[in-house]
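# Close look at the chain arrangement
The lines below spell out each chain.
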Amino acid sequence: MQTWVSEVQHATVTGQLRDLSSEPLPAAMRQLLNRWLRLDPVARQVTPERLAAELDEVWDHPHGASEVPYLGLAPYGYEHEGLLVGRDADIQRIGRELGDNMCVVIYGAAGTGVTSLAVAGVVPQLAKSFVDGRDDWTPCVIKLGDQPRADFDLQLQRWIDSQPREQHAEADDASPLTQLSRWAAASRTGVVLVIDELQRVLDDSDDDLGDVFEALVAGTSGVRLLATVAEEHVSGLLALERTG
């Protein structure tokens, strides 16, 4: 123990602290810690009365404040957490619903930012609430096209393959959904399947992703499904026996 303390003290006074560049930290948190840990007290820009405020700023905008706060019609991504002005009540309400339920569907008129609300608002809210005891939550955004089931499987498989190898098993013949369950069991991070434009299943009622909903409703810790639907298609989706 004494050896460890001595090493920490030596590293502190010589500036040989841990390199945070490869740590899985949000950009704003990494920048704040690097500044606070500088050897030059002036360069730290730290005053006792500002410490809590600076931490609060990082908590609200962990990826940093954007120079362009409004993206026009472009959807907000996970890295835009904290930039959805005026949506706090919606984010907290839907976040609570998704924390308590495996699947939630949100709908709205086209262009009202439903996808942005899901990805940049609700998913980070799960992380801040430590849902399922997870250290973090991340989105896997799946945009459905003319072949909903094929699109779902292909994009989910790509997401799984993009994860660090130590967090998922070697490739096998298991379905992407089964692989996802294994990934969630081995990871401290939860994943939200954000299915964009769920109304696409109306183009092929035999390809309605009903088994996906059934599997998730049955319960997989660390996995949630959050789907977006254009408002005018809600009644059509409810009419589908498996999805509704």
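Structural data are supplied above this passage.
Residues numbered from 1 in each chain as written. Predicted model: local features only at pLDDT ≥ 70, side-chain atom pairs only at ≥ 80, totals over all residues. Heavy atoms only, no water.

Moving on, we get to the sheet that holds strand S2 (residues 136-143). The strands making up a sheet are joined through hydrogen bonds of the backbone, oriented either antiparallel or parallel. The parallel open sheet is built from 4 strands, whose spatial order is S1-S4-S3-S2. Either end of the sheet is taken by a strand with one partner, and the two such strands are strand S1 (103-108) and S2. Strand after strand, the sheet turns through a mean of 20° between neighbouring axes, direction not considered. Here S1 pairs with strand S4 (residues 223-230) via 6 bridges, running parallel. Bridged to Ile106 within S4 is Thr228. (Pairing = 2+ DSSP bridges. Helix = DSSP H or I, 4+ residues; strand = E, 2+ residues; numbered from the N terminus. Axes fitted to C-alpha atoms, helices over the stretch in contact; angles between N-to-C directions.)

With that settled, consider the pattern of salt bridges. Pairing of side chains with opposite charge becomes possible as their charged atoms draw close. Per the counting criterion, the structure on display carries 11 salt bridges. For Asp135, the salt bridge goes to Arg188, with nearest N and O atoms at 3.4 Å. Of this pair, Asp135 sits in the loop between helix H6 (114-128) and S2 while Arg188 sits in the loop between helix H8 (176-186) and strand S3 (189-196), and the two are 53 residues apart along the sequence. Here Asp146 makes a salt bridge to Arg200, at a shortest N to O gap of 3.4 Å. Here Arg200 lies in the loop between S3 and helix H9 (210-217) and Asp146 lies in the loop between S2 and helix H7 (148-162), a separation of 54 residues in the sequence. Its relative accessible area of 62% is what places Asp146 among the exposed residues. A single salt-bridge network, built from bridges that share partners, covers Lys143, Asp146, Asp196, Glu197 and Arg200. (Salt bridge = Lys/Arg side-chain N within 4 Å of Asp/Glu carboxyl O. Buried < 20%, exposed > 50% of the residue type's maximum accessible area, 1.4 Å probe, protein only.)

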